[in-house]
Amino acid sequence: MKIKPNTKYNTIAYYVVIVFAICILLVLLSFRIELFTSAARKILKAISPVIWGCVIAYLLSPIVKKIESIFSKRTNLKKKHANLVRGLSILIASIITLSAIIALFAMAIPEITDSLSSLFNNMPEYLNKTYDSISDFFSRQPEINPSITDWFEDQFANIQKTILDWVTNLKPTVDIYLIKLKDGILSFLIGVKDFVLGFIVSIYLLFSKEHFFVQFKKTMYAILPKKTYDLFMVKGTHANKIFSDFMVGKAIDSLIIGMLCFVVLIIFGIPNAMLISFIVGITNMIPFFGPFIGAIPSAVLVLLTAPKKTILFVIIILILQQFDGNILGPKILGNKLNLPTFWILFSIFFFGNLFGFAGMLLGVPIFAVIYTLIKEFIEDRIRIKNIASLSKNNDGEQDNEDDDVPDDIFTEDDKN
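Residues numbered from 1 in each chain as written. Predicted model: local features only at pLDDT ≥ 70, side-chain atom pairs only at ≥ 80, totals over all residues. Heavy atoms only, no water.

### A few points about the overall build of the protein
Within the protein, the secondary structure is distributed over 16 helices and zero strands. By sequence separation, contacts in the protein at least 24 residues apart represent 69% of the contacts at least 6 residues apart. Total accessible area on the protein is roughly 28000 Å²; 69% of this is exposed by carbon and sulfur atoms. (Helix = DSSP H or I, 4+ residues; strand = E, 2+ residues; numbered from the N terminus. Contact = heavy atoms within 4.5 Å. Areas by Shrake-Rupley, 256 points an atom, 1.4 Å probe, with all protein chains shown as cover.)

### Things to note about the nonpolar core
The biggest cluster of nonpolar side chains holds 17 residues, and the ones touching the most others in it are Cys261, Leu265, Ile270, Ile276, Val280, Phe313 and Ile317. Ranked by the residues each element gives to this core, the list is headed by helix H14 (residues 310-333), at five residues. Every residue in contact with leucine 265, bar those within four places of it in the chain, is listed here: Ile270, Ala273, Ile276, Ser277, Phe313 and Ile316. (Core = buried A, V, L, I, M, F, W, Y, C linked by side-chain atoms within 4.5 Å. Buried < 20%, exposed > 50% of the residue type's maximum accessible area, 1.4 Å probe, protein only.)

### Remarks on the side chain of threonine 283
The residue threonine 283 is located in helix H12 (residues 273-283) in this model. On the accessibility criterion, threonine 283 (9% relative accessible area) is buried. At 3.3 Å, the side chain of threonine 283 forms a polar contact with the backbone oxygen of valine 280. (Polar contact = N/O pair within 3.5 Å; in protein donor to acceptor, adjacent residues only side chain to side chain.)

### Structural notes on the environment of valine 50
Here valine 50 shows up in helix H3 (residues 48-74). For valine 50, a relative accessible area of 44% translates into the label partly exposed. As for valine 50 and aspartate 194, which are separated by 144 residues in sequence, their C-alpha atoms are 8.6 Å apart.

### Concerning the pattern of salt bridges
Using the criterion set out here, one finds six salt bridges in the structure. Linking glutamate 376 and lysine 235 is a salt bridge whose minimum nitrogen-to-oxygen distance equals 2.5 Å. One end of the pair, glutamate 376, is in helix H15 (residues 341-394); the other, lysine 235, is in helix H11 (residues 226-267), and 141 residues separate them in sequence. Among the residues examined, glutamate 376 registers a relative accessible area of 17% and is labelled buried. (Salt bridge = Lys/Arg side-chain N within 4 Å of Asp/Glu carboxyl O.)

### A word on a nonpolar patch on the surface
A surface patch of nonpolar side chains, amounting to about 680 Å² of accessible area, comprises Ile43, Leu44, Ile47, Val50, Ile51, Val55, Tyr58 and Leu59. Mapped onto the nonpolar patch, the elements with two or more residues apiece are helix H2 (33-46) and H3. The element best represented in the nonpolar patch is H3, accounting for five residues. (Patch = residues over 30% accessible without salt bridge, like charges linked within 9 Å, V, L, I, M, F, W, Y side chains within 5 Å.)

### Some words on the packing of aromatic side chains
Evaluated as defined, the whole model comprises nine aromatic pairs. Both rings, one in tryptophan 343 and one in phenylalanine 346, keep their centres 5.5 Å apart while their planes meet at 85°; by these two values the pair is edge-to-face. With tryptophan 343 and phenylalanine 346 both in helix H15 and three residues apart, this pair spans about one turn of that helix. On the numbers, 5.2 Å between centres and 85° between planes, the contact of phenylalanine 350 with phenylalanine 351 is edge-to-face. Using a relative accessible area of 12% as the deciding quantity, one classes phenylalanine 351 as buried. Through successive ring pairs, a cluster of aromatic residues spans Phe342, Trp343, Phe346, Phe350, Phe351 and Phe367. (Phe/Tyr/Trp six-rings, centres within 6.5 Å; stacked < 30°, edge-to-face > 60°.)

### Points about the confidence of the model for the protein
In the predicted model, the protein carries a mean pLDDT of 75, and the fraction of residues at 70 or more is 70%. The least confident element of the protein is helix H16 (residues 412-415), whose mean pLDDT is 46; the most confident is helix H10 (residues 209-223), at 87. Contacts for the low-pLDDT stretch residues 397-416, under 50 throughout, to residues beyond four places or in other chains number 17 contacts. (pLDDT = per-residue confidence, 0-100.)

### Looking at helix H9 (residues 193-207)
For H9, built from 15 residues, the straight-helix expectation of 21 Å at 1.5 Å per residue is met to within 8% by its first-to-last C-alpha distance of 22 Å. Buried within H9 we find Phe195, Gly198, Phe199, Ser202 and Leu206. All buried residues of H9 lie within an arc of 110° about the axis, which places them on one face of the element. Facing away from the buried surface of H9 by more than 90 degrees, the exposed residues are Lys193 and Tyr204. (Expected span 1.5 Å × (residues − 1). Arc of directions from axis to C-beta.)

### Observations concerning the environment of alanine 295
Tracing the chain through its elements places alanine 295 in helix H13 (residues 290-305). Residue classification places alanine 295 among the buried residues on the basis of a relative accessible area of 17%. Between the C-alpha atom of alanine 295 and that of valine 314, which follows or precedes it by 19 residues, the distance is 7.7 Å. In contact with alanine 295, not counting residues within four places along its chain, are Phe313 and Ile317.

### With respect to the environment of lysine 217
Here lysine 217 is to be found in helix H10. Sequence separation between lysine 217 and tyrosine 229 is twelve residues, and the spatial gap between their C-alpha atoms is 8.7 Å. Discounting chain neighbours no more than four positions away, the residues touching lysine 217 are Tyr229 and Met233.

### As for the packing of H12 against H13
Where H12 contacts H13, the axes come no closer than 7 Å and their chain directions differ by 165°. In terms of their interaxial angle, H12 and H13 are classed as roughly antiparallel. Considering how the two elements wind past one another, H12 and H13 form a crossing that is right-handed. Seen from H12, the contacting residues are Leu275, Ile276, Ile279, Val280 and Thr283; seen from H13, they are Gly290, Pro291, Ile293, Gly294, Ser298, Leu301 and Val302. (Axes fitted to C-alpha atoms, helices over the stretch in contact; angles between N-to-C directions. Parallel < 35°, antiparallel > 145°, perpendicular 65-115°, else oblique. Left-handed = near helix turned anticlockwise from the far one by under 90°.)

Below is the structure:
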């Protein structure tokens, strides 16, 4: 007896096997989570140079493209010697990037290390100075209840002991790293093995980026249906533009804010200007909470080193952040994210808890991409339903009120 295959039941069996395999994988993952996370760490560590290479190539690609466009406009090398132009563009972009990194390290690291060394060595003096300033304030305010003064003295003594113990334990470790940094920026960069290897990988990726992109497109075209492939490429291009525009714009914005902060702090004679400006510039990359994250430890640092200038520093930071939020930021970034404030907070909390500082830094643009894609998908589905509803009306069929979503149910904020 010959058994004829049944396509319908074969399909059902196929999906049953897939679902069963996924369930087994989830059970194993729940019981052996440490094994899976350990394996994931080993894999990520093994391919770390490749990850670095992809990131560096992604960041350098706009610079290489810009240099190539300059070559093509001013010379005929682009058409005749495409490989030569690509190689020269990568070389120039690499030199510019490495020069900027080394210059930044050469200028900032010695100043930062000196500030940290001074901070650790003079911490008892700074704490005593802060205590004297606050005690002087209380002594000039007789209307303050003496019990509050006594409570402050007790609490400050405990805080001082805790800070000094922490500094005493941390200082040897920090001194080792500070000595390594002061020994030479070049040796420090050489020590960062994965970054150096990643930079080499990025050169190969940039030189053959069209080839890799064509391979990626062929793979997606082979795996996905034609309609899904077209949608994937359109949405992928859109997502890439949102992410890259925001990250580049935010980096430029934060660099300008850090430089302005340094200049203003130098003018007003606030100590540790380079260290504070570095903190302010780095944390400014984090949307919404970044200015507060950078301002609080910086204000504490100023309070310890120059208590009388703390209020002045807070005023300077507030002015800088207002300038960034209302003038510089919109000028550079515009409204590239188009993300409501609630979802910005959500993405910072969610990705920050998962991946720490890197999650807070990259979480917002990543979530902006996800949010935009979901929003466009929902709008497309609503438009399709409305078109189907209109076609039913034209055919004389009765409308289904549950499927028809009229435009007037949306407010202007919902449509935006």
